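The residues making up each chain are set out below.
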Amino acid sequence: MREVTLRVRHHGEPESDVSADYPDLTLESVSSMTGSAAERKRIIEMSGPERSIEGFLADFSATDAVLDASPLTPLDVSRVLVAITYDSYRWDSISQRLTDMGVHYRTGTSITAGWERWTLYLDDGDDLHEIIDSLESAGNETDLVRDVELDEVNEREQLELSRVVDELTHRQQEVLRTAIDLGYYRRKEDTSIEDIADAVGIASTTAWEHLARAEEKVMSEVGGHLFSP
């Protein structure tokens, strides 16, 4: 069995389309779908600046396919939970396409800057080209991120090829990379948030916010590998 990771720009689907306008947000499904064929419900988790979450929810709720999007938590917390209800007849579902093809996939799809990340588990009889063709036939863009035999995957590869990279927004990656390059994490260096902000060309408070969110995501991933059973 192979583990394949795809990045999909899901055109015509509200989560993907609207999130493209809010690149500093990350969305992730945290529950399975419930409801009838015409009306489906699930919970998503959002992380990012409060103003972007507010803007996303306003634009997302205004789309034709979305029937309701109700926050379950305050918008100023680090992880905002939102219950969404949508009309499945107006929603091109990648999960349904994969299910129809008999493809195993990991739940908990994440979306950043309009790109959805899907991890598939393919048997010898599964045709990756056929799967990609099916996704792209609906007008989507598809990038192959990873394709590896499961028995070749070791813990270091899992960490190095972790999805955490794609979960960081472009700005979070830029700020984190700048912090590393300037020696922010080296004890003998005297690098400040202000230095990082000047190098990137943003306000120091904004730099701190992006760096804090990037650190949270990276350290959560590292901790999961270091202290997993």
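Small disclaimer: the values here were computed from a predicted structure and weren't measured.

Calculation notes
Residues numbered from 1 in each chain as written. Predicted model: local features only at pLDDT ≥ 70, side-chain atom pairs only at ≥ 80, totals over all residues. Heavy atoms only, no water. Helix = DSSP H or I, 4+ residues; strand = E, 2+ residues; numbered from the N terminus. Buried < 20%, exposed > 50% of the residue type's maximum accessible area, 1.4 Å probe, protein only. Areas by Shrake-Rupley, 256 points an atom, 1.4 Å probe, with all protein chains shown as cover. Axes fitted to C-alpha atoms, helices over the stretch in contact; angles between N-to-C directions. Parallel < 35°, antiparallel > 145°, perpendicular 65-115°, else oblique. Left-handed = near helix turned anticlockwise from the far one by under 90°. Contact = heavy atoms within 4.5 Å. Nonpolar A, V, L, I, M, F, W, Y, C, P; charged D, E, K, R; others polar. Lys, Arg positive; Asp, Glu negative; His and termini not counted. Salt bridge = Lys/Arg side-chain N within 4 Å of Asp/Glu carboxyl O. Expected span 1.5 Å × (residues − 1). Arc of directions from axis to C-beta. Pairing = 2+ DSSP bridges. Core = buried A, V, L, I, M, F, W, Y, C linked by side-chain atoms within 4.5 Å. Phe/Tyr/Trp six-rings, centres within 6.5 Å; stacked < 30°, edge-to-face > 60°.

Novice: Is there a simple way to think about the overall build of the chain in this case?
Specialist: On a plain count of helices and strands, the chain comes out with 9 helices and 10 strands. Each of the 229 residues in the chain was classed as buried or not, and the buried ones make up 43%. In the form shown here, the chain has an accessible surface area of approximately 12200 Å², with 48% of it arising from carbon and sulfur atoms.

Novice: Help me understand the packing of helix α7 (residues 170–181) against helix α8 (residues 193–200), please; the structure alone is not making it clear to me.
Specialist: Helix-helix packing: each pair is described by the crossing angle between the helix axes and the interaxial distance. Running from amino to carboxyl end, α7 crosses α8 at an angle of 120 degrees, the nearest separation of the two axes being 9 Å. One way to sum up the angle between α7 and α8 is to call them oblique. Crossing of α7 over α8 shows right-handed handedness. Within the contact between the two elements, α7 uses Arg171, Glu174, Val175, Thr178 and Ala179 and α8 uses Ile196, Ala199 and Val200. Classifying every residue of the contact of α7 with α8 by side-chain character gives 5 nonpolar, 1 polar and 2 charged.

Novice: What exactly am I supposed to notice about the side chain of glutamate 13 here?
Specialist: Here glutamate 13 lies in the loop between β1 (2–9) and α1 (14–19). No salt bridge is formed by the buried glutamate 13. Its closest oppositely charged neighbour is arginine 42, at 5.2 Å. Leave out the neighbours within four places in its chain, and glutamate 13 touches Trp91, Asp92 and Glu116.

Novice: In this structure, what is going on with α7? I would like to understand it.
Specialist: The periodicity of an α-helix, 3.6 residues per turn, causes residues three or four positions apart to be oriented the same way. Helix length check: α7, at 12 residues, gives a terminal C-alpha distance of 16 Å against a target of 16 Å (1.5 Å per residue), a fit within 8%. For α7, the full list of buried residues reads Gln172, Val175, Leu176, Thr178 and Ala179. Buried residues of α7 fall within an arc of 160 degrees about the axis and therefore sit on the same side. Away from its buried face, by an angle of more than 90 degrees, α7 presents the exposed residues His170 and Asp181. Just beyond α7, the residue with positive phi is glycine 183, at close to 80 degrees.

Novice: Would you explain unusual backbone geometry in this entry?
Specialist: Most of the time, phi is negative for any residue but glycine, and the peptide bond is trans. A positive phi is found at alanine 113, a non-glycine position, where the angle reads about 55 degrees. Topologically, alanine 113 is positioned in the loop between β8 (110–112) and β9 (115–122).

Novice: When you look at the pairing of strand β4 (residues 39–47) in this model, what are you seeing that I'm missing?
Specialist: Both faces of the sheet carry side chains from a regular strand, because those side chains alternate between them. As defined by bridge partners, strand β2 (residues 26–29) adjoins β4 across 4 bridges and the pair is classed as antiparallel. Each bridged residue has a counterpart across the sheet, and for leucine 27 the counterpart in β4 is methionine 46. Where β4 lies against strand β6 (residues 80–87), 8 bridges are found, and the strand directions are antiparallel. Opposite glutamate 45, over in β6, you have leucine 81 as the bridge partner.

Novice: When you look at the nonpolar core in this model, what are you seeing that I'm missing?
Specialist: Where a protein is soluble and globular, its nonpolar side chains tend to be buried together. Residues Met46, Phe56, Leu57 and Val82 are the most contacted members of the largest nonpolar core, which totals 20 residues. Elements with a minimum of two residues in this core: β4, α2 (50–61), β5 (66–71) and β6. Val4, Leu98, Leu120 and Ile132 belong to the second-largest nonpolar core, a separate cluster that totals 13 residues.

Novice: Would you mind going over the environment of leucine 25 with me for this structure?
Specialist: Summarising the element assignment, leucine 25 is placed in the loop between α1 and β2. Classification of leucine 25 as buried rests on a relative accessible area of 0%. For the pair formed by leucine 25 and serine 52, sequence separation is 27 residues and the distance between their alpha carbons is 7.0 Å. Those residues in contact with leucine 25 that lie beyond four places of it in its chain are Met46, Ser47, Gly48, Pro49, Ser52, Ile53, Phe56, Ile111, Thr112, Ala113 and Thr169.

Novice: Even after reading the chapter, I still don't get the packing of aromatic side chains, so can you show me in this structure?
Specialist: Aromatic ring pairs are described here by two measures, namely the spacing of the ring centres and the angle between the planes. Scanning all chains against the criterion turns up 4 aromatic pairs. When the centroid spacing of 6.4 Å and the interplanar angle of 80 degrees are considered together, the rings of tyrosine 22 and phenylalanine 56 count as edge-to-face. Note that tyrosine 22 is positioned in the loop between α1 and β2 and phenylalanine 56 in helix α2, a separation of 34 residues in sequence. What makes tyrosine 22 buried here is its relative accessible area of 15%. Considering the side-chain rings of tyrosine 105 and tryptophan 118, the 5.6 Å spacing of their centres and the 70 degrees angle between planes classify their relative orientation as edge-to-face.

Novice: Quick question: what am I supposed to make of α2 here?
Specialist: Taking 1.5 Å per residue as the helical rise, α2 with its 12 residues ought to reach 16 Å, and the 16 Å between its terminal C-alpha atoms agrees with that figure. Each element contacted by the buried residues of α2 is listed here: α1, β2, β4, β5 and β6.

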